[in-house]
Amino acid sequence: MRELLRDTAERAANYLEGLADRQVAPSDAAVAALDRLGGGLPKSGTPASEVVAELDALAGPATMAMAGPRFFGFVIGGSTPAGLAANWLAGAWDQNTCIETVTPATSRLEQIARDWLLELLGLPADAEAAFVTGATVANFVSLAAARHAVLRRAGWDVEADGLIGAPDVRVIVSEETHPSVTKSLGLVGLGRTRVDSLPTDSAGRMRTESLTLDDRPTIICAQVGNVNTGASDPIGELAEKIEDRNVWLHVDGAFGLWLAASERHRDQLTGVELADSWATDAHKWLNVPYDSGLAIVRDRDALRSAMSITAAYLPMESGARNPADYTPELSRRARGVEIWAVLRELGAAGVEAMIDRHCEQARRFAKGLNDAGFEILAPVVMNQVLVSFGSPRRTADVIAAIQQEGTCWCGITAWQGHTAMRISVSGHSTTNADVDQSLAAMIAVAKRV
Ligand SMILES: *Cc1c(COP(=O)(O)O)cnc(C)c1O
């Protein structure tokens, strides 16, 4: 085992060191060679060292360099050194982190990471958090807690009796709600389209002036960090409108919530701490390995009521904080370990510096592209830049050519009637030199296409 792990660590280090110099997208030849990983179910075994060598030789070159400094697609961070190393160590520990008395180390790490995160993000210190796979599941978990709470206040036990025959629940979203919220609404039985959808402004923010609330149990799904523009809904204004009604305010803050860690940027999130639940990702802007997201819920009992299970063989009733009382999964990996490690590695100041650096680098991209004559479609308020290279057709062609050229990688998006390239700066290792190198490549490609 020792030799194998040493050899694997060497291979991983070589891979990471090679990222800065290789093309970001894999070559067609490397992707074609993936066929060699198949060829029918192996009849007999292979030594572990050969298995790893095969993965390294065949799959490694066909990876997208998402862990590298010039991947700007979606909103994808890499993994910090401590985050990746903690992931390996936690893999070796192999702790099924569902019951605290059985896996005390990793359960405690989750609790500590939760408390550190609540402080870092300025959220209520007594909120509870579910460590889940990502913001999609965090939205689902938050909405399950929301559904529990608004129906309990209406005299209905939704876990026991389901939604058939339950009091009507009104759901309010915005036109630019993330599709993972829409999907989650379907998963909790509230319906993907049975919603009141509020219009958005020219930056993609929910417009709240037309919003009226009544006495129905209501769930409002707001967001901080629009996937296209980075703009945030006015959470403080929404919270004020709720007063003492039976309304649950949920915030999808998959990446945007991390602005709360930045003194310079947190005014965009005014009132965010007044919400009832928050979904966020650690695998995006905090740069921990996949998969890692958090559902943070103010009313711990609502979360627990929606998620906990009991069974005779599970020692859940010890008074300890069992991670699985708060998550959809029972058996689960110890996601808190990497979050703990990255927060310990960076500290609050390091997280803040990374957030601020990425926002600065987004502005650097926008300025460079604007100076070269290309249109920036929305104000750059966070780590997102939307740029048009002309007609939708031309913009799509330029994006394809940039991906093909390989210096960097950015994706395509459609936003408020525009076709745009979306640049998201989220990787911990991205330097200003990477931004400048990518800008030069983008501009050269755009002039040639
Ligand atoms: C990425 C994202 C999600 C989904 O998160 P996953 O981790 O991919 O499940 C939800 N909402 C927003 C705003 C996002 O950016």
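Right, let's walk through the structure included here. Note that the structure is predicted; figures quoted are calculated from it, not measured.

Some words on the packing of aromatic side chains
Counting across every chain of the model gives 5 aromatic pairs. Ring geometry for F72 and F365: centres 5.0 Å apart, planes at 80°, overall edge-to-face. Of this pair, F72 sits in the loop between helix 3 (48–59) and helix 4 (81–93) while F365 is found in helix 11 (residues 336–371), placing the two residues 293 residues apart along the sequence. With a relative accessible area of 0%, F72 lands in the buried category. For F365, a relative accessible area of 0% corresponds to the buried category. Considering the side-chain rings of F374 and F389, the 5.1 Å spacing of their centres and the 70° angle between planes classify their relative orientation as edge-to-face. Of this pair, F374 sits in the loop between helix 11 and strand 8 (375–376) while F389 sits in the loop between strand 9 (384–388) and helix 12 (392–405); the two residues are 15 residues apart in sequence, bridging distant segments of the chain. No difference in accessibility class separates F374 from F389, as the two residues are buried. Through pairs of rings, three or more aromatic residues link up here, namely F71, F74 and W409.

So, the sheet that holds strand 1 (residues 128–132)
Here we have 7 strands laid out as an open sheet, ordered 1-7-6-5-4-2-3, and mixed in their pairing. Only two strands of the sheet have a single neighbouring strand rather than two, namely strand 1 and strand 3 (196–198). This sheet shows a mean twist of 20° between the axes of neighbouring strands, independent of strand direction. By the bridge criterion, 3 bridges tie strand 2 (residues 170–174) to strand 3 in an arrangement that is parallel. Bridge assignment links I172 to a residue of strand 3, and that residue is D196.

What counts and how
- Residues numbered from 1 in each chain as written.
- Predicted model: local features only at pLDDT ≥ 70, side-chain atom pairs only at ≥ 80, totals over all residues.
- Heavy atoms only, no water.
- Phe/Tyr/Trp six-rings, centres within 6.5 Å; stacked < 30°, edge-to-face > 60°.
- Helix = DSSP H or I, 4+ residues; strand = E, 2+ residues; numbered from the N terminus.
- Buried < 20%, exposed > 50% of the residue type's maximum accessible area, 1.4 Å probe, protein only.
- Pairing = 2+ DSSP bridges.
- Axes fitted to C-alpha atoms, helices over the stretch in contact; angles between N-to-C directions.

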